[in-house]
Amino acid sequence: MSTETFAKPLTVRAAQVTEPGGRFSVVERELPEPQPGHVRLTVEACGVCRSDAGFVNAGFPNVPFPLVTGHEIAGRVEALGDGVEGWDVGDRVAVGWFGGNCGTCLPCRQGDFIHCARMQVPGWAYPGGYAEGVVVPVSALARIPDEFSAAEAAPMGCAGVTTFNSLRHSAAGPGDLVAVLGLGGLGHLGVQFAGKLGFETVAVARGADKADAAKNFGAHHYIDSNAGDVAGRLQALGGAKVVLATAASSDAMSAAIDGLGNNGELIVLGATPEPIQVSPFQLISSSRTVHGHPSGTARDVEETLHFAALTGVRPLIETRPLDDVAAAYDRMMSGDARYRMVLTTGR
Ligand SMILES: [Zn+2]
Ligand SMILES: [Zn+2]
């Protein structure tokens with residue numbers, strides 16, 4: 001049932017890029033009324049993810065320009081399209097990388113929604129969250145618990161769910177050694193989740209100066225990868241059941257494989273086109289595996305937020321107003337963000 005029927009087009013401020021590799025400019029854009037099965041959201045906050053660079057630079061296929069990227073959205077339901085059930089105007093919701101699934105392809109019919117052949121990513125399939133409003137399919141919606149501000153909830157839709165979901169579905173059990181490669185937007189959440197999930201947690205990052213931060217996030221051990229021999233030091237701790245590779249560095253991933261114990265898994269999250277180097281010898285006798293992991297469904301985002309609310313896991317964020325999008329994006333790209341840049345709209 002539609003709650004709003006007025007025809008006047010709604011305009012919102014949005015940060016768009018008009019050509020591949022272009023700069024951001026904040027413009028007024030029209031938002032359509034939500035079609036059946038869709039809702040219109042007021043965006044309160046949107047995280048700035050490294051994958052946004054893949055859209056800005058047209059590194060993914062068929063990126064639409066002018067582009068409004070952004071897939072770590074948090075806000076409120078503002079209008080319901082026809083046939084929307086279970087959601088009301090005013091509900092606080094997050095929309096992450098999983099921006100909707102088709103419900104009819106083979107993976108969807110198998111219940112494997114994250115591998116939907118027509119999965120929609122905000123900013124790719126439809127205008128994303130670097131804006132004051134978005135229109136999204138209801139299958140994209142995750143409820144935000146009261147414990148979370150919008151700005152803290154936003155990064156859970158990509159960085160949060162990706163690390164939590166891959167760890168909870170990994171081979172590691174309570175007390176097992178789990179190493180998190182990288183201490184950035186994903187890594188600082190991965191270390192917190194690993195600790196709260198009951199793993200003996202090792203943070204691996206570049207430079208001795210990150211040791212205190214890693215311990216504050218719950219790491220039991222810190223390995224400075226600049227000092228070399230990451231694999232040897234993981235073996236000295238007993239060998240890792242899981243290495244969660246959040247840093248987009250294939251060299252760092254390759255160097256960690258010999259740090260895996262028997263039946264250990266290298267879980268690849270950091271996206272880069274460079275090949276990971278591994279020999280059959282490294283895999284066979286120890287039954288090691290190397291595999292990737294996508295993010296998670298809207299329900300997975302909800303479960304990530306629920307677990308984080310229970311355990312105190314929070315992203316450490318730097319917020320910037322939407323007008324400062326270019327500076328926020330540059331700071332994310334520089335690697336200096338501590339630890340996630342989040343745009344806020346003041347809505
Ligand atoms: Zn992302
Ligand atoms: Zn599908």
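Residues numbered from 1 in each chain as written. Chains lettered and ligands numbered in written order. Predicted model: local features only at pLDDT ≥ 70, side-chain atom pairs only at ≥ 80, totals over all residues. Heavy atoms only, no water.

1. So, the coordination of the zinc ion (ligand 2)
Within the protein, Cys102 (SG), Cys105 (SG), Cys108 (SG) and Cys116 (SG) serve as the donor atoms for the zinc ion (ligand 2), at 2.3 to 2.4 Å. Considering all 4 donor atoms around the zinc ion (ligand 2), angles at the metal cover 104 to 118° and the coordination shape is tetrahedral. In primary-sequence terms, the residues that donate to the zinc ion (ligand 2) follow C-x2-C-x2-C-x7-C. (Donors = N, O, S within 2.8 Å, 3.2 Å for Na, K, Ca; no water. Tetrahedral: all angles 85-135°; square planar, octahedral: opposite > 155°, others 65-115°.)

2. Here we look at the domain arrangement of the protein chain
Each domain of the protein chain was delimited in the assignment, giving domain 1 (11-158 + 296-344) and domain 2 (161-292). Between the C-alpha centres of domain 1 and domain 2 the distance comes to 27 Å. The partner domain 2 presents 18 residues to the 19 residues of domain 1 that form the contact. Interface area lost by domain 1 to domain 2 is led by Phe307, Val313 and Tyr339, which between them contribute 38%. In this structure, the salt-bridge partner of Asp300 is Arg168, at a minimum N-O distance of 2.8 Å. Connecting domain 1 to domain 2 are 8 residue pairs in polar contact (both at pLDDT 80 or more). For the side of domain 1 that touches domain 2, the element with the highest residue contribution is helix 10 (residues 298-311), accounting for 7 residues. (Domains from an automatic or database assignment. Contact = heavy atoms within 4.5 Å. Buried area = accessible area lost by both parts, 1.4 Å probe. Salt bridge = Lys/Arg side-chain N within 4 Å of Asp/Glu carboxyl O. Polar contact = N/O pair within 3.5 Å; in protein donor to acceptor, adjacent residues only side chain to side chain. Helix = DSSP H or I, 4+ residues; strand = E, 2+ residues; numbered from the N terminus.)

3. Remarks on the pattern of salt bridges
Scanning all chains against the criterion turns up 16 salt bridges. Here Arg331 makes a salt bridge to Glu318, at a shortest N to O gap of 2.8 Å. Pair noted here: Arg331 is in helix 11 (residues 325-334) and Glu318 is in strand 14 (residues 317-321), with a separation of 13 residues, a long-range link. Overall, the relative accessible area of 14% leaves Glu318 in the buried class. Ionic contacts of the salt-bridge type, sharing partners, join the residues Arg168, Arg299, Asp300, Glu302 and Glu303 into one network. (Buried < 20%, exposed > 50% of the residue type's maximum accessible area, 1.4 Å probe, protein only.)

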